[in-house]
Amino acid sequence: MDEELQKLKKELKLTRYCSLITAVLLVCVIAGGAYMVNRLAPAVTALQEMQPVVEKLNNLDVEMLNEKIEQLDMEGLNQAMEGLDTEELSKAIKNINDVSDKLQEIGNTFSGLFGR
């Protein structure tokens, strides 16, 4: 009877240790899950903010878009681009910017005069 009692005490002790280890592991899993939820919260928020954009993309008529792209004359566009003199175009854009700046300065001067 004493031997049986000792054997049962050992089994009880072993069962308690196993339960303790299982409880510690469970706490670790729950803590890890909470940590991951906190780390994923910004991603979930971003996905929720992107939902209207996704809905608009779903409503996009891809077939019509493909037809419009097919209608583009890519060869003609490429030939037109080859004929462009990029240096002259850059100079022209720079001149337009200079003129725009001068016009803005003149406008500011007039608004300063008439504003008083």
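Colleague: Explanation requested: the overall build of the protein chain in the structure shown.
Modeller: From N to C terminus, the protein chain includes four helices and zero strands. In terms of its C-alpha atoms, the protein chain occupies a principal-axis envelope of roughly 110 × 55 × 30 Å. Within the protein chain, buried positions represent 0% of all 116 residues. Carbon together with sulfur atoms contributes 63% to the accessible area of the protein chain, which is approximately 11300 Å² in total. For the protein chain, the separation between the mean place of its 12 positive charges and that of its 19 negative charges on side chains is 20 Å.

Colleague: Hey, could you run me through a nonpolar patch on the surface in this one?
Modeller: There is a patch of nonpolar side chains on the surface, built from L72, M74, L77, M81, L84, L89 and I93 and spanning about 680 Å² of accessible area. Of the residues forming the nonpolar patch, the biggest block, three residues, is contributed by helix α3 (residues 74-82). Among the secondary structure elements, M81 is positioned in helix α3.

Colleague: Sorry if this is basic, but what is going on with the environment of A43 here?
Modeller: Structurally, A43 can be placed in helix α1 (residues 2-59). For the pair formed by A43 and D85, sequence separation is 42 residues and the distance between their alpha carbons is 47 Å.

Colleague: Please clarify how the pattern of salt bridges should be interpreted in this entry.
Modeller: Between side chains of opposite charge, a pair can form as their charged atoms come close. Under the definition given, this model contains one salt bridge. Residue K94 is joined to D98 by a salt bridge in which the shortest nitrogen-to-oxygen separation is 3.5 Å. Of the two residues, K94 and D98 are both situated in helix α4 (residues 86-115); the distance of four residues between them amounts to about one turn of the helix.

Cut-offs and rules
Residues numbered from 1 in each chain as written. Predicted model: local features only at pLDDT ≥ 70, side-chain atom pairs only at ≥ 80, totals over all residues. Heavy atoms only, no water. Helix = DSSP H or I, 4+ residues; strand = E, 2+ residues; numbered from the N terminus. Buried < 20%, exposed > 50% of the residue type's maximum accessible area, 1.4 Å probe, protein only. Areas by Shrake-Rupley, 256 points an atom, 1.4 Å probe, with all protein chains shown as cover. Lys, Arg positive; Asp, Glu negative; His and termini not counted. Charge placed at Lys NZ, Arg CZ, Asp CG, Glu CD. Patch = residues over 30% accessible without salt bridge, like charges linked within 9 Å, V, L, I, M, F, W, Y side chains within 5 Å. Salt bridge = Lys/Arg side-chain N within 4 Å of Asp/Glu carboxyl O.

No statement about biological role is implied by the geometric values presented.
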